[in-house]
Amino acid sequence: FLVSTVMLLVAHAAQRRWIARRRGESLVLVIGDVTDEGVGEIERARGRRVELYGFTDLAQFNARLRAGPIDEVVLAGPLPADDTRSLLELSSELGIPALVPLAQGIDGLGFPPPSVEAVGRAQYLVYQRRRPGVPSLIVKALEDRLLAALLLAILSPLLLLVALLVRIFVGSPLLYLQRRGGLFGRPFTMVKFRTMRIGADEERSALLARNEMDGPVFKLTDDPRVTRFGRLLRRTSLDELPQLLNVLGGQMSLVGPRPLPVEETEALRDGHRRRLAMRPGITCLWQVSGRNELSFKEWMELDLEYVDRWSLGLDLAILLRTLPAILSGRGAR
C-alpha cells in the first residue's frame, strides 16, 4: 500500500511537470476573489503561472482570450450564475478548459458533463468540449519525437540534395523562418525551405487585393513571389520537410491543424480559435482533403472536426492518406 501510494504520487507529479513542459510557458487565468494562498495552490497544483483577471463583461473577457495564449481558466468565484454560464460557454467555444468550484457548477450546458479534479485542497469541476486523455497525449508526443528523428535520419540525403538545389535555383538563405501561432496561439518559429524571392514578406501587402481565400488568411494561386523551383517544392511538399525539426523540438506535431502566421492567428474569431486547442502539425485533414481547393469555412470545419474527434487512430489514418495526397498534388500552391 505504501509503495503503490508513493508511486502514484510520483507519477502524478511527473505527469503535471511533463504537461507543463509540453505546453511551454503555460498560463492559467483566474477570475474572482482568490487569496495569495489560493494563487499559490493553483500554481503548484496546475504547474502553471497564474494571471489574476478582474471580470467586468463578456466582450472584454473574449478580447483577453484572443490577446494572448491562455491554457486554462479558473472561475474562483463567487460569480452570478449567468456570468458563470457565459464564461463557460465562451471558454468551450474557444477550446480552453474552464474550472469551477464544485459547489458552483452549472448544469445543462451544450457539451459533455464535467470531470472532477482536486486543485490543492479544493475540488473543481473541469468543463471542456473535448478532453484528450493524458496517456494518449503522451503516446502522441513519443511517437512524434521518435518518428521525426527517424525520418530526419532516413531523409537526410534528400534534405541535403534539396538544400543544394535551393542554394542553386533560389539562393541564400536556404531556410525560411516565420513566426506562427502554436498551441493556444503561443508563437513559435516555423522552418521551411525557402520558395520565394528575398523580400517577399514586404510585398505581401501589395498583393492583398488579389487574395483568393474568403477568410483572414492569404492564399494566391499564381503568387509572383514564388520562384520556379519554389513552385516545384510546393507541389511536392518538399519545402515542408524541415518542419520535422519543429516536431523534434516539441513546437509541432506530425498531425494537427496547420499553423497560421501570427497575424492570421490573431485574426481568427469565435469558434475558429478552437483549432488552437491542439498542437499544430505538418499534415492534417485539410492537407489530405484538397488543401487550397477548399474554402476557408471548409478548412476550419475540417480542423475543428479533427480537434473534436482526435484519437491516435485518426492520426494514423491521416498519416496514411498524406503520401497519396502529396503524390496527387491536389490543392498544392
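Refer to the structure above for everything that follows.
None of these values were measured; they are calculated from a predicted model.

A.B. asks: Would you take a moment to explain the pairing of strand E1 (residues 27-32) for this structure?
C.D. replies: Looking down a regular strand, the side chains alternate between one sheet face and the other. The buried fraction of E1 amounts to 5 of the 6 residues, a majority that puts the element mostly inside the structure. Looking at chain direction, E1 and strand E2 (residues 49-53) are connected through 5 bridges and run parallel. The partner of Val30 across the bridge, within E2, is Leu52. Note that E1 and strand E3 (residues 72-77) share 5 bridges and pair parallel. What sits directly across from Val30, in E3, is Val74.

A.B. asks: I tried to follow the nonpolar core on my own but got confused; where do I start?
C.D. replies: If you look at soluble globular proteins, the nonpolar side chains tend to sit buried side by side. Ranked by internal contacts, the top residues of the largest apolar core, which has 62 residues, are Ile31, Phe61, Leu65, Val73, Trp299 and Tyr306. No other element matches the 6 residues that helix H11 (residues 296-309) contributes to this core. The contact partners of Tyr306, leaving out residues within four places of it in the chain, are Lys140, Val255, Gly256, Pro257, Met278, Leu285, Leu314, Asp315 and Ile318.

A.B. asks: What should I look at first to understand helix H6 (residues 156-169) in this one?
C.D. replies: Because an α-helix completes one turn every 3.6 residues, residues spaced three or four positions apart along the sequence face the same direction. Between the first and last C-alpha of H6 there are 20 Å, a value that for 14 residues agrees with the 20 Å anticipated at 1.5 Å per step. Three or more residues of H6 are buried, namely Leu159, Val162, Ala163 and Val166. Relative to the axis of H6, the buried residues are bounded by an arc of 105° and lie together on one face. Away from the buried face of H6 by more than 90 degrees, exposed residues Pro157, Leu160, Ile168 and Phe169 are located. Just beyond H6, the residue with positive phi is Gly171, at close to 105°.

A.B. asks: Looking at this structure, I do not really get the packing of helix H3 (residues 58-67) against helix H4 (residues 81-93). What am I missing?
C.D. replies: Where H3 contacts H4, the axes come no closer than 11 Å and their chain directions differ by 30°. Between H3 and H4, the angle falls in the class roughly parallel. Considering how the two elements wind past one another, H3 and H4 form a crossing that is right-handed. Contacts between H3 and H4 involve Leu58, Phe61, Asn62 and Leu65 from the first element and Ser86, Leu87, Leu90 and Ser91 from the second. Looking at the contact of H3 with H4 residue by residue, the class counts come to 5 nonpolar, 3 polar and no charged.

A.B. asks: Explain a negative patch on the surface to me, please; I cannot follow it from the model alone.
C.D. replies: Taken together, the side chains of Asp201, Glu202, Glu263 and Glu266 define an acidic patch exposed on the protein surface. At the level of secondary structure, the elements contributing two or more residues to the negative patch comprise helix H7 (200-207) and helix H10 (262-267). Mapped onto the fold, Glu263 is located in helix H10.

A.B. asks: Is there a simple way to explain the packing of aromatic side chains in this structure?
C.D. replies: Two descriptors summarise a pair of aromatic rings, namely the distance from one centre to the other and the angle between the planes of the rings. In this structure the tally under the stated criterion is 5 aromatic pairs. A centroid spacing of 6.4 Å and a plane angle of 75° characterise the contact between Phe296 and Trp299, whose relative ring orientation is edge-to-face. Taken as a pair, Phe296 and Trp299 lie in helix H11 at a separation of 3 residues, close to a single helical turn. A single burial state applies to Phe296 and to Trp299, both of which are buried. Linked through ring pairs, Tyr53, Phe55 and Phe61 together constitute an aromatic cluster.

A.B. asks: Honestly, unusual backbone geometry in this entry has me stumped. Any pointers?
C.D. replies: With the exception of glycine, most residues fall at negative phi, and the peptide bonds are largely trans. With an omega of -5°, the peptide bond running from Ser172 to Pro173 counts as cis. Residue position: Pro173 is located in the loop between H6 and strand E7 (175-181). In the Ramachandran plot, Phe184 falls in the positive-phi region, its phi being about 55° despite a non-glycine side chain. By the element assignment, Phe184 lies in the loop between E7 and strand E8 (187-193). Accessibility expressed as a relative area gives 7% for Phe184, which makes it buried. Backbone geometry places Ser237, a non-glycine residue, at a positive phi of 65°.

Thresholds, definitions, all that
Here the residue index of a chain counts from 1 through its sequence in written order. Side-chain atom pairs in this predicted model are given and counted only at pLDDT of 80 or more, local residue features only at pLDDT of at least 70, and totals for whole chains, interfaces and linings cover all residues. Excluding hydrogens and water, the side-chain values take into account all heavy atoms of the structure. For each residue, the accessible area found with a 1.4 Å probe, counting protein chains only, is set against the maximum for its type, and the residue is called buried under 20%, exposed over 50%, and partly exposed in between. Secondary structure elements are taken from DSSP: a helix is a run of H or I of four residues or more, a strand is a run of E of two residues or more, and numbering for both begins at the N terminus. What makes two strands pair is DSSP finding at least two bridges between them. In this text, buried Ala, Val, Leu, Ile, Met, Phe, Trp, Tyr and Cys residues form a nonpolar core when linked through side-chain atoms within 4.5 Å. The contact criterion used is simple: two residues touch if any of their non-hydrogen atoms lie within 4.5 Å. A helix is expected to reach a length of 1.5 Å times the quantity of its residues less one. Note that the arc is computed from the directions linking the helix axis to the C-beta atoms. Orientation is described by axes fitted as lines to C-alpha atoms, over the contacting stretch for helices, and by angles from 0 to 180 degrees between their N-to-C directions. Here the angle decides the label: under 35 degrees means roughly parallel, over 145 means roughly antiparallel, 65 to 115 means roughly perpendicular, and every other value means oblique. Handedness of a helix crossing follows the sense of rotation of the near helix relative to the far helix, less than a right angle counterclockwise being left-handed and clockwise being right-handed. Here the nonpolar group is Ala, Val, Leu, Ile, Met, Phe, Trp, Tyr, Cys and Pro; Asp, Glu, Lys and Arg are the charged ones; every other residue, Gly included, is treated as polar. Put simply, a patch holds well-exposed residues, over 30% relative accessible area, that have no salt bridge, with like charges counted together within 9 Å and Val, Leu, Ile, Met, Phe, Trp or Tyr side chains within 5 Å. Only the protein chains shown count as cover for residues, with accessible areas throughout obtained via the Shrake-Rupley method and a probe of 1.4 Å. Any Lys or Arg side-chain nitrogen found within 4 Å of a carboxyl oxygen on Asp or Glu counts as a salt bridge. Charge assignment in this entry is limited to Lys and Arg as positive and Asp and Glu as negative, and neither His nor the chain termini are counted. Think of each charge as sitting on NZ of Lys, CZ of Arg, CG of Asp or CD of Glu. For Phe, Tyr and Trp, where Trp contributes only its six-membered ring, two rings pair if their centres lie within 6.5 Å, and the inter-plane angle classes them as stacked under 30 degrees, edge-to-face over 60, or tilted in between.

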